[in-house]
Amino acid sequence: MALTKATSIMTTQATSIAELKTYGASMSDGDSLEILGYSTAGDGGGGTFYWDATSTAADNGGTIIQATGVTTGRWLRVYSGSVNVKWFGANETRLDNEVPIHAAIAVCISEDAKLTLASLHMTITDTIKVSTPITIDGERCQIFQSTPDKDVILFSKELAGNGNYIYNDVVENIFVGGVAGTGNGFVFENRFESTYTNLLVVGVGNIAFHIKGCLLCNFEHLYVGNGLSVSPAGGFFGNNVTGNAYGIYSESYNAIGCNSNVYTRCVATNSTITAFTLTGTNNLVNGFDAEGLATGSLSLHISGDQNRLQAVAVEIGNIEIHGSRCMLSGTLLCIVSVKSTAKATVISEAYINHGTVAAGAINTVFENIRLDGSISNSGTNTTKRNILDASDNEQGQYKTETFIPTLSFGGNSVGIVYAANTGLYKRIGDWVHIEMRIVLNNKGSSVGSAKIEDLPFNSKVTGYDKPISGEGTAITQVAGSAGLMFSVKDGVTGIEITSQDVLTGTSTNITDANFSNSSQIRITGNYLII
């Protein structure tokens, strides 16, 4: 709990904490002093202290101060609400600000208070470690890790055994960077129902946000930048010194999966390996943007099941989906690969702007997609619905196009001249609907059975021909027949023309002899193609 000011007997001023320590032996219980700063007046570390003549509490460097040479009696800071890191000596010229930060964290934990990092640009030489629940408002502070291969901030899990969590962190408005190496920006271990907002990492070299075994956490406005200034007091932005190997990287930890987390409006730029690696199950990504990735890098690597990603914008870099029952939608996607380990993946509401989309899995669905390229179906039961090409023409399994039907006799078309031969088809999944018209000017010299060729798709192999509706004009019918019959041939792209005897049911092929130079055919109907 926060300390409360006692009745003041004597009030005066001191310049710094160091001067405050020189008072004590002559103080009366309840005397107060106003400190103008931690080290110097106006540095933000000042405040009011009162003398507790009976206290033997440990000196923590910020809210409890032991006077020099005094065993009993302490100076206690008067405050309420949040704890300011400046009270413990943090400043923009100090090189080991992890020391005052850790001291402030210890007070916040014991007093259940919020820590403010007071918009400082701070340098540290070692990792800031938080092993219990905490609330921190960085107030857009900037923390620079000057030691290569050191993490910047580690929210560690130090309880014994697996299955334990740290609950209810609230952390916001912190920007960090570091010297390129194997260090990470933020590391979150086994956090539960915690919220992390407005966090930025630039230039740590390895992983910007390493999320390990977290459950039901909210990660909002995580930003992975592409460079930093080596002068933290001047800010971290604009020099483009280095990127990060990984942007956001989630994985299991201590036998706990990284499950049911929400990532909202996150951005990763200039990652050299992967911008976002998403493992675990039932995670929701609501807004993710990957920009400026290195050649050959992955923008998204999704290996967990039942994950949902929406409002995704990926300018460069492949997207790989290894998990099953995932849903991916977005405004702009790059090359998408659905791997063989994936099942029942849905990709929708997207513009895929680079080349082939590979579907090497089972029951993959592509729907409502504008695609600059094509979808290769190397998997099983890939479904394509409402796929548009770069010119907004329908593509794939929902497509409307024209085609040119032809007529042959005995497999040949010598001398045939058309007044018209036009066709229109609409593919609807596994079916195709055709409407076509053939008008002859000259039937030519070929002889044999009549067949209409060059349909847009082969019919499905079923072991039998499929009847389709049609009519003919100026075509002589066989005596005793019920009229012309049209059948889509099994497994090919042709239509056979026959007539059937009404008494015997015997079918007879219509040949060139039944045609004239002015014969006409009209056909409309559907046939199965897959």
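Residues numbered from 1 in each chain as written. Predicted model: local features only at pLDDT ≥ 70, side-chain atom pairs only at ≥ 80, totals over all residues. Heavy atoms only, no water.

The number of helices and strands found in the protein chain is two helices and 43 strands. Partitioning the intrachain contacts of the protein chain with sequence separation of at least 6 by distance along the chain shows that 51% fall at a separation of at least 24. Carbon together with sulfur atoms contributes 49% to the accessible area of the protein chain, which is approximately 21700 Å² in total. (Helix = DSSP H or I, 4+ residues; strand = E, 2+ residues; numbered from the N terminus. Contact = heavy atoms within 4.5 Å. Areas by Shrake-Rupley, 256 points an atom, 1.4 Å probe, with all protein chains shown as cover.)

Let us look at the packing of aromatic side chains. For the coordinates displayed, the defined rule picks out 18 aromatic pairs. Aromatic rings pair up to connect Phe-155, Phe-186, Phe-188, Tyr-196, Phe-209, Phe-219, Tyr-263, Phe-276 and Phe-288 into one cluster. Here the basic side chain of Arg-427 rests over the ring of Phe-457, its NZ or CZ set 5.4 Å away from the ring centre. Across from the ring centre of Tyr-464, 5.8 Å away, lies the NZ or CZ of Lys-466, which sits over that ring. (Phe/Tyr/Trp six-rings, centres within 6.5 Å; stacked < 30°, edge-to-face > 60°. Lys NZ or Arg CZ within 6 Å of the ring centre and 35° of its normal.)

Among the nonpolar cores identified, the biggest contains 81 residues, and Ile-143, Ile-174, Phe-186, Phe-188, Phe-209, Tyr-263 and Phe-288 are the most heavily contacted of them. A total of five residues in this core trace back to one element, the largest contributor, which is helix α2 (residues 98-111). Formed by 26 residues, the second largest nonpolar core is a distinct cluster that contains Val-432, Ile-452, Val-488 and Ile-495. (Core = buried A, V, L, I, M, F, W, Y, C linked by side-chain atoms within 4.5 Å. Buried < 20%, exposed > 50% of the residue type's maximum accessible area, 1.4 Å probe, protein only.)

Look at Ala-118: it is not a glycine, yet its phi comes out positive at around 60°. By the element assignment, Ala-118 lies in the loop between β7 (115-116) and β8 (121-124). On the accessibility criterion, Ala-118 (12% relative accessible area) is buried. Residues other than glycine seldom take positive phi values, yet Arg-140 does so here, at roughly 60°. By the element assignment, Arg-140 lies in strand β10 (residues 135-145). The exposure class assigned to Arg-140 is exposed, which follows from its relative accessible area of 56%.

Between its terminal C-alpha atoms α2 stretches 20 Å, which fits the 20 Å expected from 14 residues at 1.5 Å a residue. Taken together, the buried positions of α2 are occupied by Glu-98, Pro-100, Ile-101, Ala-104, Ile-105, Val-107 and Cys-108. Contact partners of the buried residues in α2: β6 (83-84), β7, β8 and β9 (128-130). Two residues or fewer after α2 comes Asp-112, characterised by a positive phi angle close to 55°. (Expected span 1.5 Å × (residues − 1).)

Now for empty space enclosed by the protein. Inspection of the entire model under this criterion finds one cavity of 30 Å³ or more. Volume-wise, the largest cavity comes out at about 60 Å³. Contributing to the lining of the largest cavity are Ile-101, Ile-105, Leu-115, Leu-117, Ile-128, Ile-136, Ile-143, Ile-153, Phe-155 and Ile-174. Counting residues per element, the ones that place at least two in the lining of the largest cavity are α2, β10 and β11 (153-155). Of the residues that constitute the lining of the largest cavity, the class distribution is 10 nonpolar, no polar and no charged. (1 Å grid on protein atoms, 1.4 Å probe; cavity = no way out; pocket = protein on both sides within 12 Å on 5 of 7 lines; lining within 4 Å. Points joined across faces, edges and corners; volume = space filled by probe spheres on them. Nonpolar A, V, L, I, M, F, W, Y, C, P; charged D, E, K, R; others polar.)

Relative to the elements of secondary structure, Asn-307 occurs in the loop between β23 (298-302) and β24 (308-314). For Asn-307, the side chain forms a polar contact with the main-chain oxygen of Gly-280, separated by 3.0 Å. Apart from residues lying up to four places away in sequence, Asn-307 is in contact with Leu-278, Gly-280, Thr-281, Asn-282, Asn-283, Ile-302, Arg-325, Cys-326 and Met-327. (Polar contact = N/O pair within 3.5 Å; in protein donor to acceptor, adjacent residues only side chain to side chain.)

This part takes up the environment of Tyr-249. Along the chain, Tyr-249 turns up in strand β19 (residues 246-251). Those residues in contact with Tyr-249 that sit more than four places away from it in its chain are Ile-207, Phe-209, His-210, Ile-211 and Thr-277.

The final tally for this structure, using the stated rule, is nine salt bridges. Note that Lys-339 is salt-bridged to Glu-320, the shortest N-O span being 3.9 Å. Separated by 19 residues along the polypeptide, Lys-339 in the loop between β27 (336-338) and β28 (346-352) and Glu-320 in strand β25 (residues 318-321) bring together distant segments of the chain. With a closest N to O distance of 3.4 Å, Lys-489 and Glu-496 form a salt bridge. You can call Lys-489 partly exposed: its relative accessible area is 22%. (Salt bridge = Lys/Arg side-chain N within 4 Å of Asp/Glu carboxyl O.)

Our next topic: the pairing of strand β26 (residues 327-332). Bridging between β24 and β26 involves four bridges; their strand directions are parallel. In the strand pairing of β26, Leu-309 is matched with Leu-328. The pairing of β26 with β28 spans three bridges and is parallel. Along β28, the bridge assignment pairs Met-327 with Val-346. (Pairing = 2+ DSSP bridges.)

Position of Ser-303 among the secondary structure elements: in the loop between β23 and β24. Owing to a relative accessible area of 31%, Ser-303 belongs among the partly exposed residues under this scheme. Sequence separation between Ser-303 and Ser-324 is 21 residues, and the spatial gap between their C-alpha atoms is 8.3 Å.

Moving on: the environment of Phe-155. Its location among the elements puts Phe-155 in strand β11. Judged by relative accessible area, Phe-155 falls into the buried class, the value being 0%. Along the primary structure Phe-155 and Arg-191 are separated by 36 residues, whereas in three dimensions their C-alpha atoms are 8.2 Å apart. Dropping the residues within four chain positions of it, Phe-155 is found in contact with Val-130, Ile-134, Ile-136, Asp-169, Val-171, Phe-186, Val-187, Phe-188, Glu-189 and Arg-191.

In this section: the confidence of the model for the protein chain. With 90% of its residues at a pLDDT of 70 or more, the protein chain shows a mean pLDDT of 86. In the model, residues 1-9 has pLDDT below 50 throughout and makes 24 contacts with residues more than four positions away in sequence or in other chains. Ignoring residues within four places in sequence, the model shows residues 227-241, a span with pLDDT below 50, making 43 contacts including any to other chains. (pLDDT = per-residue confidence, 0-100.)

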